[in-house]
Amino acid sequence: MNRILCIADSEGLPRPEINLKFEDTYLGMLQSSDNLVTLIPGGGCKIGQMLDLARDITTRFEANFFDMCIIQLGIVDCAPRALPYNARGKIDKFPKPLKQIAIVILHRIKPF
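Note on numbering: residues in each chain are counted from 1, in written sequence order. With the structure being a predicted model, the display of local features is reserved for residues of pLDDT at least 70 and the display and counting of side-chain atom pairs for 80 or more, all residues being used for whole-chain, interface and lining totals. Values reported for side chains reflect all heavy atoms of the structure, with hydrogen atoms and water molecules removed beforehand.

A. Fine view of the sheet that holds strand E2 (residues 36-41). One open sheet holds the 3 strands; their spatial order is E2-E1-E3, and the pairing between them is parallel. Of all strands in the sheet, those with a lone pairing partner are E2 and strand E3 (68-72), marking the two edges. In this sheet, adjacent strand axes meet at a mean angle of 15 degrees when their direction is disregarded. Two strands make a pair as long as DSSP finds a minimum of two bridges between them. Helix and strand labels come from DSSP, where a helix needs a run of H or I of at least four residues and a strand needs a run of E of at least two; each type is numbered from the N terminus. Bridge count for strand E1 (residues 3-8) against E3 is 5 bridges, and the pairing is parallel. Working convention: axes come from line fits to C-alpha atoms, limited for helices to the stretch in contact. Angles between N-to-C directions cover 0 to 180 degrees.

Structure representation (C-alpha cells):
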C-alpha cells in the first residue's frame, strides 16, 4: 500500500455538471487500488498559503509520512484577478442582475 498525498484543484475532484463521479477521478481510482490517499483541495490558495503547504509537505516527506505526492493545480489559479477580494465581496452582495452588470462593466474598464 502506498501513502499518497494529493493536492488538487476542482479539475481533480468530482464534477456533477459533466457526470464525473469520485470513483471515476484519478483520486478515486488511486484510493480503490488499496492506496491510502490524503486529499488537500488546493484551488483558490494564495501564494503564501501554497508556500506554507509546500513546507508542510516537505516536512512530512522527510518524516516518511507519504510515499508519493501528486500536485494538480491549474494555471488559472495563478491568474490576476479583475478585482481585489474585498471589492469582490461587496459586489457578491448585489442582487444577481445588478451583480452581472457590474461584473461586465468592471471587466471592460479594468480599474485594478
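B. Seen up close, the packing of aromatic side chains. Classification of ring pairs uses Phe, Tyr and Trp, with its six-membered ring standing for Trp, and accepts pairs whose centres are within 6.5 Å; under 30 degrees between planes counts as stacked, over 60 as edge-to-face, and the remaining range as tilted. By the definition in use, this model includes 1 aromatic pair. With centroids separated by 4.8 Å and ring planes inclined at 85 degrees, the aromatic side chains of Phe-65 and Phe-66 adopt a geometry described as edge-to-face.

C. Geometry of the pattern of salt bridges. The salt bridge criterion pairs a side-chain nitrogen of Lys or Arg with a carboxyl oxygen of Asp or Glu, the two atoms within 4 Å. Tallied over the full model, the rule gives 4 salt bridges. Measuring nitrogen to oxygen at the nearest pair gives 3.0 Å for the salt bridge that ties Arg-15 to Glu-17.

D. Structural context of the environment of Leu-106. With respect to the secondary-structure elements, Leu-106 resides in helix H4 (residues 96-109). Taking the C-alpha atoms as reference points, Leu-106 and Leu-83, 23 residues apart in sequence, are found 8.2 Å from one another.

E. Summary view of the pairing of E2. With 6 bridges joining them, E1 and E2 adopt parallel strand pairing. Bridging from a neighbouring strand, Ala-8 pairs with Pro-41 of E2. Crossover handedness is defined here as right-handed if the route from the first strand over the helix to the second strand goes clockwise, with the strands pointing away from the viewer. Taking the sense of rotation as the criterion, the β-α-β connection linking E1, helix H1 (residues 26-32) and E2 turns out right-handed.

F. Quick peek at the state of the cysteines. We call a pair of cysteine sulfur atoms a disulfide whenever their separation is within 2.5 Å. What the rule picks out here adds up to 0 disulfides. Cysteine Cys-6 is unpaired, with the sulfur of Cys-69 as its nearest cysteine sulfur at 7.5 Å. A 1.4 Å probe rolled over the protein chains alone gives each residue an accessible area, and that area as a share of the maximum for its type sets the label: buried under 20%, exposed over 50%, partly exposed in between. For Cys-6, a relative accessible area of 0% puts it in the buried group. Taking the relative accessible area as the measure of exposure, Cys-69 reaches 27% and is therefore partly exposed.

G. The arrangement of the environment of Leu-30 in detail. Here Leu-30 lies in helix H1. Beyond its immediate stretch of four places on either side in the chain, Leu-30 contacts Ile-4, Cys-6, Asn-35, Val-37 and Ile-70. In this analysis, two residues are considered to be in contact whenever any of their non-hydrogen atoms come within 4.5 Å of each other.

H. Structural context of the side chain of Thr-25. Relative to the helices and strands, Thr-25 is located in the loop between E1 and H1. A relative accessible area of 4% means that Thr-25 is categorised as buried. Those residues within four positions of Thr-25 in sequence are excluded, and the remaining contacts are Gly-12, Leu-13, Pro-14 and Leu-20.

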